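These are the residues of each chain, in order.
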Amino acid sequence: MQVNVPAYELIRSARRTMSLEITRDCRVVVRAPLRMPEKQIDAFVSGHADWITAHMAIQQKRREDHPEPTPEERAEYIRRAREELPVRVAKYSRIMGLYPAGITITGAEKRFGSCSGKNRICFSWRLMGYPEAAIDYVVVHELAHIRHKDHSKAFYACVEEVLPDWRERRRLLKE
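Rules used in this analysis
Residues numbered from 1 in each chain as written. Predicted model: local features only at pLDDT ≥ 70, side-chain atom pairs only at ≥ 80, totals over all residues. Heavy atoms only, no water. Phe/Tyr/Trp six-rings, centres within 6.5 Å; stacked < 30°, edge-to-face > 60°. Buried < 20%, exposed > 50% of the residue type's maximum accessible area, 1.4 Å probe, protein only. Helix = DSSP H or I, 4+ residues; strand = E, 2+ residues; numbered from the N terminus. Pairing = 2+ DSSP bridges. Axes fitted to C-alpha atoms, helices over the stretch in contact; angles between N-to-C directions. Contact = heavy atoms within 4.5 Å. Salt bridge = Lys/Arg side-chain N within 4 Å of Asp/Glu carboxyl O.

Chemist: Can you help me understand the packing of aromatic side chains in this one?
Modeler: Both the distance between ring centres and the angle between the ring planes are used here to describe each pair of aromatic rings. Applying the stated rule across the entire model yields 5 aromatic pairs. Measuring from centroid to centroid gives 4.8 Å for Phe 155 and Tyr 156, while their planes differ by 85°, and the two rings are edge-to-face. The exposure class of Phe 155 is buried, given its relative accessible area of 0%. Members of the aromatic cluster, each reached through a chain of ring pairs, are Tyr 137, Phe 155, Tyr 156 and Trp 166.

Chemist: Looking at this structure, how should I read the environment of Ile 58?
Modeler: By secondary structure assignment, the location of Ile 58 is in helix H2 (residues 49–65). Taking the C-alpha atoms as reference points, Ile 58 and Cys 26, separated by 32 residues in sequence, lie 9.6 Å from one another.

Chemist: Even after reading the chapter, I still don't get the sheet that holds strand S3 (residues 28–33), so can you show me in this structure?
Modeler: Whenever strands of a sheet pair, they do so through backbone hydrogen bonds, lying parallel or antiparallel. One open sheet accounts for 3 strands, arranged S1-S3-S2; its pairing is mixed. Both edges of this open sheet fall to strand S1 (9–13) and strand S2 (19–22), since each of them pairs with a single strand only. If you compare each strand with its neighbour and ignore which way they point, the axes differ by 25° on average. Along the sheet, H2 makes contact with S2 and S3, crossing S2 at roughly 30°.

Chemist: I keep staring at the pattern of salt bridges and nothing clicks. Help me out?
Modeler: Side chains that differ in charge, positive against negative, can pair when their charged atoms come close. This structure, assessed with the given rule, holds 13 salt bridges. Notably, a salt bridge pairs Arg 79 with Glu 76, separated by 2.6 Å at the nearest N-O pair. Remark: Glu 76 and Arg 79 occur in helix H3 (residues 71–96); sequence separation between them is 3 residues, near one turn of the helix. A salt bridge links Arg 79 to Glu 83, with the shortest nitrogen-to-oxygen separation between them at 2.9 Å. Pair noted here: Arg 79 and Glu 83 are both in helix H3, with a separation of 4 residues, about one helical turn. Residue classification places Arg 79 among the partly exposed residues on the basis of a relative accessible area of 38%. Via salt bridges that share partners, Arg 80, Glu 84, Arg 88, Glu 132 and Asp 136 belong to a single interconnected network.

Structure, rendered in structure tokens:
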């Protein structure tokens, strides 16, 4: 019996498990252990065909809703991020009593923000393409990581103290 396996890019490494990823440009990437037989990888991909189809549609919609910015738009987002994000961080830092060691603007594609173990906060300039409510959520989220380095109940309680509607704001990032 011939099994229909969607086309995929295979990345082998010293890992124990397999994973699937649908990239921004709608490629299927499979990560697999070095010695895993190709037949087993094909079976894994085939077994996840429905998941792949559903997530391809999600990624396609995301690309349509948030196309890659032109060089001019990119420059404007970077300018705005450098100008607006430190102001927002200062505002919420005062409210929360949490102060970052520094702020960096990056071009990260997969995450809007991050907080290092040394309390340095990074924001992607791509965040500037989203509504203000969503931007404020990411700022508060990253500031909360200064106190809580995880996504525990205590972490979300810290976020909710400042933004009781954080769930709706987070949803804006996924639309």
